[in-house]
Amino acid sequence: MVLTTEHPGPTGRGLHSPIAERQGPRRRLLAELDRPGQVFEHITPNWFASVMGTGIVATAAASLPVQPPGLRLFATALWLFASVALVLLTVAFAVHWLRHPQTAKMYAAHPVMSQFYGAPAMALLTVGAGTMLIGVDVVGTGAAVAIDGFLWCAGTALGLFTSVWVPYTMMTSHSREDVIALPAWLMPIVPPMVSATTGAFLIPHVPEGQWRLGLLSACYALFGLSLFLGMITMTLIYSRLVHGGAPVAQTAPTVWITLGMIGQSVTAVNVLAVQSATVFTGDEAYIALGLHVFGIVYGLAMGGFGVAMFALATSITVRAVRRGMPFALTWWSFTFPVGTCVTGMSALGAALGSGPVRVLAILLYVLLIGAWATVAAKTLRGTASGRTLLPA
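Residues numbered from 1 in each chain as written. Predicted model: local features only at pLDDT ≥ 70, side-chain atom pairs only at ≥ 80, totals over all residues. Heavy atoms only, no water.

Colleague: Tell me about the confidence of the model for the chain, residues and numbers included.
Modeller: Looking at the chain as a whole, its pLDDT mean stands at 89, while 88% of the residues score no less than 70. Note on residues 1-28: pLDDT is under 50 here. Beyond four places in sequence and across chains, it has 90 contacts. (pLDDT = per-residue confidence, 0-100. Contact = heavy atoms within 4.5 Å.)

Colleague: Go over the packing of aromatic side chains, please, and point to the residues and values.
Modeller: By the definition in use, this model includes ten aromatic pairs. Relative to Trp-165, the ring of Tyr-117 lies with its centre 5.9 Å away and its plane at 85°, an arrangement referred to as edge-to-face. On the criterion of sequence distance, the pair formed by Tyr-117 in the loop between helix H4 (101-109) and helix H5 (118-139) and Trp-165 in helix H6 (residues 141-172) is long-range, its members being 48 residues apart. Arranged with centres 6.0 Å apart and planes meeting at 65°, the rings of Trp-331 and Phe-334 form a pair that is edge-to-face. Ring pairing ties together the aromatic residues Phe-48, Phe-93, Tyr-117, Phe-161 and Trp-165, which thus form one cluster. (Phe/Tyr/Trp six-rings, centres within 6.5 Å; stacked < 30°, edge-to-face > 60°. Helix = DSSP H or I, 4+ residues; strand = E, 2+ residues; numbered from the N terminus.)

Colleague: Outline the environment of Thr-314, supporting the account with residue identities and numerical values.
Modeller: Tracing the backbone shows Thr-314 in helix H10 (residues 285-322). Given a relative accessible area of 30%, Thr-314 falls into the partly exposed group. (Buried < 20%, exposed > 50% of the residue type's maximum accessible area, 1.4 Å probe, protein only.)

Colleague: Can you tell me about the nonpolar core, naming the residues and giving the values?
Modeller: In terms of nonpolar packing, the biggest core is built from 105 residues, with Val-51, Phe-223, Leu-272 and Tyr-365 touching the most fellow members. Those residues in contact with Leu-272 that sit more than four places away from it in its chain are Ala-196, Ala-200, Ile-203, Leu-216, Cys-219 and Tyr-220. (Core = buried A, V, L, I, M, F, W, Y, C linked by side-chain atoms within 4.5 Å.)

Colleague: With reference to specific residues and values, describe a nonpolar patch on the surface.
Modeller: A contiguous nonpolar patch, built from Leu-160, Leu-225, Leu-229, Ile-232 and Leu-236 and spanning about 390 Å² of accessible area, is present on the exposed surface. Ranked by residue count, the leading element in the nonpolar patch is helix H8 (residues 210-244), at four residues. Leu-236 gets classed as partly exposed once you look at its relative accessible area, which sits at 42%. (Patch = residues over 30% accessible without salt bridge, like charges linked within 9 Å, V, L, I, M, F, W, Y side chains within 5 Å. Areas by Shrake-Rupley, 256 points an atom, 1.4 Å probe, with all protein chains shown as cover. Salt bridge = Lys/Arg side-chain N within 4 Å of Asp/Glu carboxyl O.)

Colleague: Which residues make up the side chain of Asp-148, and what are the values?
Modeller: Following the sequence through the fold, Asp-148 ends up in helix H6. Although Asp-148 is buried, it forms no salt bridge, and the closest oppositely charged side chain is Arg-72 at an N-O distance of 13 Å. With near-sequence residues (within four places) excluded, Asp-148 lies in contact with Gly-128, Ala-129, Met-132, Thr-198 and Leu-202. (Lys, Arg positive; Asp, Glu negative; His and termini not counted.)

Colleague: Please give an account of the packing of helix H9 (residues 257-276) against H10 that cites residues and values.
Modeller: Direction vectors running N to C along H9 and H10 enclose 165°, while the axes themselves pass 9 Å from each other. On the basis of their axis angle, the class for H9 and H10 is roughly antiparallel. The interaxial crossing formed by H9 with H10 has left-handed handedness. Considering only residue class, the contact of H9 with H10 consists of 14 nonpolar, eight polar and no charged. (Axes fitted to C-alpha atoms, helices over the stretch in contact; angles between N-to-C directions. Parallel < 35°, antiparallel > 145°, perpendicular 65-115°, else oblique. Left-handed = near helix turned anticlockwise from the far one by under 90°. Nonpolar A, V, L, I, M, F, W, Y, C, P; charged D, E, K, R; others polar.)

Colleague: Tell me about the environment of Val-95, residues and numbers included.
Modeller: Secondary-structure assignment places Val-95 in helix H3 (residues 71-99). Along the backbone, Val-95 and Ile-43 are 52 residues apart, and their C-alpha atoms lie at a distance of 8.9 Å. Beyond its immediate stretch of four places on either side in the chain, Val-95 contacts Phe-40 and His-100.

Colleague: Describe the packing of H8 against H10, listing the residues and the values that go with them.
Modeller: At a closest axis distance of 14 Å, the pairing of H8 and H10 adopts a crossing angle of 25°. One way to sum up the angle between H8 and H10 is to call them roughly parallel. Where H8 crosses over H10, the two elements pack in a sense that is left-handed. Residue-level contacts link Tyr-220, Phe-223, Leu-227, Met-231, Met-234, Tyr-238 and Leu-241 of H8 to Leu-291, Tyr-298, Met-302, Phe-305 and Leu-312 of H10.

Colleague: Give me the lowdown on the side chain of Thr-126, citing residues and values where you can.
Modeller: Residue position: Thr-126 is located in helix H5. A distance of 2.6 Å separates the side chain of Thr-126 from the backbone oxygen of Met-122, its partner in a polar contact. Residues in contact with Thr-126, not counting those within four places in the same chain, are Met-52, Gly-55, Ile-56, Thr-59 and Phe-336. (Polar contact = N/O pair within 3.5 Å; in protein donor to acceptor, adjacent residues only side chain to side chain.)

Colleague: Quick rundown of the pattern of salt bridges? Include the residues and the values.
Modeller: Working definition: two side chains of opposite charge can pair if their charged atoms are close together. Counting across every chain of the model gives one salt bridge. For Arg-72, the salt bridge is made with Asp-137, and the minimal N-O distance between the two is 2.8 Å. One end of the pair, Arg-72, is in helix H3; the other, Asp-137, is in helix H5, and 65 residues separate them in sequence.

Here it is as C-alpha cells:
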C-alpha cells in the first residue's frame, strides 16, 4: 500500500496483513475483495496526506503575491474538496479502528506507519486555515472563525500528542535493531509548527489584551517545540542518508518531507511577526519590530538551507524515477512540503519587500500545481480500482 520497503513490518515482511497473504500480490481490484467492509481495513493515517496536499494548494494560492483572475475560485474549489475529503477520511478511519481493531493496532505499532499519525492533525489544521483564508467567502466570517477555532484546537491537541507519543513509543516499544532514521520521523513532530502558523490567523479574532498575548505566546512556543525537535531529527535523517544511502522505490518521495519543516517554519515565524503588531502596541511596539526582523533573518537563513535540501530531494527523486519508482501514497510527499515552501516564500517576500523572493513563491506554486495534479490523478485512479485500498 504505501510507506515502507526498507523497514520490516509487523509480520516481518513489510506492511502485509493476513488478508494480503491470503489473496496474493496480484489481487487488487474492488470486485475481488472478500467483503465490502474490507475497503476500510487499510485506511491508514497516511491517507490524510491527501487532505494536507490538496488543502495546501488552496491556502498557498491565497498567500501568493499575485492573484490572477480565477485563482480564488480554483482555491475555493480545492478547499471544498479537501474539506469533504477530511470528513470522509475521518469517518473511514473511525470505521477502520472499529471494525478492524487488530489491523489498526498493528499499523499503530509499526515503526514507520506510526509516524504518519501526525498526518490527521495536519489535515485538520490545513483545512481550518483554508476556512479562514478562503472558506470565509462561502460560510462567512463568524462561521469561518468557529470552524477554524474548532479544527485548530483539535489539530493542535492531536499534534501535541503525536509529537510526544510517537517518539516515546519508539524509545520504549520498538526493537532497537529495527530503528533507522527516516524522513517520516518528521511527520509526528511537524504538526505543532503547523499549529503555530495557522494559530496566527485566529489572533485577530480573540479579545485584545491577555487573551491575544496568550495565543501569540502559545504559537511561538509551538514553533519552538517543533523547530528544535525537528532540527534534531533532521540531523539524524541527514546522517542516515549519508551513511545508509538514499531511500529506494516508493519511499524515495519521503525525502521531500524535510522541506515541510523548513517551509512551515519560515511561514510561521513571519505570519506571527505580522500578528504581533496587533498585540504589542504603543510603548511595546519595539517588540513587534524585533519579531519582524527576526522573521526576516530566520527566513533568509532557513531559505538557504531549503535550497540545499530541495536540490538533494530533487536529485534523489530523479535517481529513483530512473530506477522505476512505482506509485504509492508516499507521492503525496511531493505536495504539502512544497506548499509550505510557497507560503514561506510568500510570507518572507511580503516581510522583506523582495521581488525575487515573491517570484520564487510563484514558481514554486506552479511546481506545486503540477505535482498535485499528477498525484491526485493517480490516487483517484488507484482508489477507483481498489489498488490503493489494499496492502502492497
